[in-house]
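Structure assessment
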Amino acid sequence: MSRPLMWPVLAATASAAAACAQDLATEPRLERPGLREQMTAVVAGAASPAPETPAQRDARMAWWRDARFGIFIHWGVYSRLEGRWDGKDIPSVGEWIMETGKIPASAYVREARAFNPTAYDPASWAALFRDAGAKYVVITSRHHDGFCLWDSKVSDFDVMGVAAGRDLLAPLKREIERQGLKFGLYYSIMDWTHPDWSGRRAWNDLWPGRAPDRAAFDAYIDAQLRELAAAYDPAVVWFDGEWEDPWTVEEGARTQALTRALMPHAIVNDRCVKARPGMRPRRQREQAMDQDVGDFGTPEQEVPRKALPDVDWETCLTMNDTWGYKASDTNFKSTRELIRTLVDVSSKGGNLLLNVGPDGLGRIPEPSIQRLHDLGAWLKVNGEAIYATRAGPIQKLSWGRSTQRDGVIYLHVFDWPRDGRLPLPGLKTTVKKARVVGHPDLPVRTLVTEEQQWLEVPGVAPSADATVIALEIDGPPVMVAPPPEKLTEGTIVLGAGDARLAGGRLGLEQRDADKQNIGYWTDGAATASWSVTLPASTLVDVVLVLSCLPGAEGNDFQVDLGDQHLRGTVRSTGSWEEFEPVTCGRLRLGPGTIDLTVRAADPRAMHFALMNLQEVRLVPVKGTR
Ligand code: H79
């Protein structure tokens, strides 16, 4: 396949978004469909404007790469509504209430006038975030509704037009920076209440008979970015909403360039430039490689399934199921889940931007405060295994995660072994010394068997959330590949390279030196065939070793074996690169030669691409002939 890029994050429906949030609440959902292709594209396209060298870029990104943990703040006039309108609870996230509640813009703007955060205490917010162990903060300067948390000269829908009557960003920036944290700004490129936003919602009754003026809207965005750059010089610019139809490729590129010019030191996310068609998959080849698409990828409400060590990315995550405050949402993730998510993200080479949604008075919800305290307590002990570390060398650990820095591997143990033994699969480098972080008195011994290295640990886990064990090693860790899969004796393997391919662009893709697969399966009528000879009648399981990107799944396939047929539905394997054996069914073959053909079950119903196919296996069922 040409590796279509998929953004499973920005769910197109409320239920999908809810399901997404729901999934995050239950273990073991830390493993979610991958974003590798997406992220690779971000970096590939991240070639910054001409003057910046790779070394300069590394220097600019350095603090952010070391930070690993930031706080997202969603705060605005929606916070005061608390997710309710007309006495009714409005489903979905709080900051979207104007849209999901179909609130007439005039009523929303009128209601906003009462926004007066009398309990707002930026110093205590900043202390809370510092004590939580966060290294940066990103706050919504303006969300989709258009309300500005600062005194904007180009908008009446701002803090000066409501009861607050003062700039709410400046005191926060001061306190955040006083605590040694970096201050960043979120900015949505849409504006539901602006007269010139052409994506005006049907219930926007503010501008009857007035046609939106694109040039005026662009000038408005420019002016606001200039205001924000001048007043707050943000360390991070976190754009949002670039997928909206009215936002054009040109506007995105222009705004990105302006942001670079105004804030050359800022770290900018990937949601300004329109680099994917709507919310649909982005194809790597469709993206100009020299285009500046931002500094980091932004998986929303999910953690990539696999490590993305060479890419800058940040998972943004809510503690409950809303970004903006909602009184009814008490579905908070446990501290344990949040700690493990931070560990998971770090182990894969990313940052975590964890959200708080203060209420209309400026109070951060108590459950959020509690969780931040707990995260801080854990990081106080274990911070050396998170900050300034890189993706771990051992990615497949059944009992936890790993991170690393020069000369040290950190093991984050989620499931403490009942038998006191932790296997270190694939680690060839000899461990010089092992210690439990924060518990120097606890004994940990290393043990080497023919199979692998092990750790022998005491009976009880010091932390039920994640106990960190530091392994001291010489030089970079060396890993050995896992032993090759053992195939059942007598298995017939039909390789991609031996297939007869027909139809469309169906062809071979070389992955590694010894691994190839059939790919580009975009034509519904395409077929891959082999001739198979069985000397005797044999009962076999028919297994396809295939891969499928999330988003491309759901096609039905058919395997013809002589005059017998098997059918199945292709499920996602995480990416086009991750192959998994899929058993399609059992039947009796032979003696004699037959044709075996893999095809789409219904050529006309096929969408996108059927699968990547590495091989077909005919596995004899033991004890039968
Ligand atoms: O600011 C937070 C979200 O409001 C914003 N990005 C994060 C950081 C965001 N805007 N749009 N989206 C995310 C994706 C769109 C989701 C939607 Fe829906 C699904 C819009 C309509 C259906 C979620 C569910 C919002 C309303 C209902």
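Quick look at the side chain of lysine 173
With respect to the secondary-structure elements, lysine 173 resides in helix α8 (residues 169-178). The exposure class assigned to lysine 173 is buried, which follows from its relative accessible area of 15%. Within the structure, the side chain of lysine 173 is placed 2.8 Å from the side chain of glutamate 177, a separation counted as a polar contact. Only 2.9 Å separates the side chain of lysine 173 from the backbone oxygen of tyrosine 232, close enough to count as a polar contact. In this view, lysine 173 contacts Phe183, Ala231, Tyr232 and Asp233; residues no more than four positions away in its chain are not counted.

Points about the sheet that holds strand β19 (residues 467-472)
Overall, antiparallel pairing links the 5 strands, which are arranged β12-β13-β14-β19-β16 in an open sheet. Since the sheet does not close on itself, it has two edges, and those belong to β12 (390-391) and β16 (433-436), each with one partner. Along the sheet, helix α11 (residues 335-347) makes contact with β12, β13 (400-405) and β14 (408-413), crossing β13 at roughly 50 degrees.

Things to note about the site of the ligand
Around the ligand, the surrounding shell holds 18 residues, and the nearest of these are His74, Ser92, Glu95, His143 and Asp240. A distance of 2.5 Å separates an oxygen atom of the ligand from a polar atom in the side chain of glutamate 95. Histidine 144 is positioned such that a nitrogen or oxygen atom in its side chain is 3.0 Å from a nitrogen atom of the ligand. For the shell around the ligand, the residue count by class is 8 nonpolar, 6 polar and 4 charged.

Regarding the nonpolar core
Counting 93 residues, the largest nonpolar core has Ile73, Phe129, Ile139 and Leu372 as the members making the most contacts within it. Discounting chain neighbours no more than four positions away, the residues touching isoleucine 139 are Ile73, Trp75, Trp125, Leu149, Leu169, Leu172, Phe183, Gly184, Leu185 and Tyr186. In this structure, Ala528, Val532, Trp576 and Leu589 belong to the second largest nonpolar core, which totals 37 residues.

A look at empty space enclosed by the protein
Tallying each qualifying case throughout the model produces 1 cavity of 30 Å³ or more. In this structure, the largest cavity occupies an estimated 30 Å³ of space. Surrounding the largest cavity, Leu185, Tyr187, Leu225, Leu228, Pro234, Val237 and Met263 form its lining. Going through the elements one at a time, β6 (182-188) and α9 (214-232) are the ones with two or more residues in the lining of the largest cavity.

As for unusual backbone geometry
Following glycine 590, the chain continues into proline 591 via a peptide bond in cis, with omega recorded as 0 degrees. Position of proline 591 among the secondary structure elements: in the loop between β28 (580-589) and β29 (592-600). With a phi close to 55 degrees, tyrosine 520 is a non-glycine residue in the positive phi region. Take tyrosine 520: it is sitting in the loop between β23 (516-519) and β24 (527-534). Despite not being glycine, phenylalanine 608 shows a phi value in the positive range, around 60 degrees.

Some remarks on the packing of α11 against helix α12 (residues 366-382)
Two elements in contact, α11 and α12, have axes separated by 10 Å at closest approach and are oriented at 50 degrees. With respect to α12, the axis of α11 lies oblique. Note that α11 runs across α12; the crossing there is right-handed. Contacts between α11 and α12 pair Thr335, Leu338, Ile339, Leu342 and Val343 from the former with Arg371, Asp374, Leu375, Trp378 and Leu379 from the latter. Split by residue class, the contact of α11 with α12 holds 7 nonpolar, 1 polar and 2 charged.

A short note on α8
Those residues of α8 lying buried are Leu169, Pro171, Leu172, Lys173, Glu175 and Ile176. Residues of α8 that are buried sit in contact with β2 (69-73), α7 (122-132), β5 (136-142), β6 and α9.

Remarks on the environment of alanine 229
With respect to the secondary-structure elements, alanine 229 resides in helix α9. The class of alanine 229 is buried, set by a relative accessible area of 12%. Distance in space between the C-alpha atoms of alanine 229 and leucine 185 is 9.8 Å, their sequence separation being 44 residues.

Details of the pattern of salt bridges
Once their charged atoms are close, side chains differing in charge can pair, the charge on each being opposite to the other. Applying the stated criterion to the full structure yields 38 salt bridges. For the salt bridge of arginine 500 with aspartate 595, the shortest nitrogen-to-oxygen distance reads 3.3 Å. A residue pair is termed long-range when its members are at least 10 positions apart, and arginine 500 in strand β21 (residues 500-502) and aspartate 595 in strand β29 qualify at 95 residues. We classify aspartate 595 as partly exposed; its relative accessible area is 41%. Where salt bridges share partners, they join Glu52, Arg57, Asp58, Arg60, Arg65, Arg260, Asp292, Asp295 and Asp312 into one cluster.

A closer look at the confidence of the model for the protein chain
The predicted coordinates ought not to be read in detail in places where the model reports low pLDDT. Across the protein chain, the average pLDDT comes to 89, with 89% of residues at 70 or higher. Long-range and interchain partners of residues 1-49, a stretch whose pLDDT sits below 50, account for 151 contacts in this model, where long-range means more than four residues apart.

So, how was this worked out
All residue numbers here refer to positions counted from 1 along the written sequence of the relevant chain. Only residues with pLDDT of at least 70 get local features here, since the model is predicted, and only at 80 or more are side-chain atom pairs given and counted; chain-wide, interface and lining totals rely on the full set of residues. Side-chain numbers come from the whole structure's heavy atoms, not from hydrogens or water. Secondary structure elements follow DSSP: runs of H or I of four or more residues count as helices, runs of E of two or more count as strands, with numbering from the N terminus. For each residue, the accessible area found with a 1.4 Å probe, counting protein chains only, is set against the maximum for its type, and the residue is called buried under 20%, exposed over 50%, and partly exposed in between. Pairing of N or O atoms within 3.5 Å defines a polar contact, subject to two protein rules: one partner must be a possible hydrogen donor and the other a possible acceptor, and residues neighboring in sequence count only if both atoms are side-chain atoms. The contact rule is simple, with two residues in contact once any of their heavy atoms fall within 4.5 Å. Strands are treated as partners if at least two bridges between them are detected by DSSP. Only the contacting stretch of a helix is used when fitting its axis, a line to C-alpha atoms as for every element, and angles between N-to-C directions run 0 to 180 degrees. We call a residue near a given molecule or strand whenever any one of its heavy atoms falls within 4 Å of it. Just so you know the grouping, Ala, Val, Leu, Ile, Met, Phe, Trp, Tyr, Cys and Pro go in nonpolar, Asp, Glu, Lys and Arg go in charged, and all remaining residues, Gly too, go in polar. Side-chain atoms within 4.5 Å link the members of a nonpolar core, which is a set of buried Ala, Val, Leu, Ile, Met, Phe, Trp, Tyr and Cys residues. A cavity, in this analysis, means grid points on a 1 Å lattice covering only the protein atoms where a 1.4 Å probe fits yet has no way out; a pocket is instead an open set bounded by protein on both sides within 12 Å along at least five of seven lines, and a residue lines either one if it has an atom within 4 Å of a point. Grid points are joined across faces, edges and corners, and a volume is the space filled by probe spheres set on the points. Any angle that is under 35 degrees is reported as roughly parallel, and any over 145 degrees as roughly antiparallel; angles of 65 to 115 degrees are reported as roughly perpendicular and all others as oblique. Crossing handedness is read from the near helix: turned anticlockwise from the far helix by less than a right angle, it gives a left-handed crossing, and turned clockwise, a right-handed one. When a carboxyl oxygen of Asp or Glu lies within 4 Å of a side-chain nitrogen of Lys or Arg, that pair is called a salt bridge. Predictor confidence is given residue by residue as pLDDT, running from a minimum of 0 to a maximum of 100.

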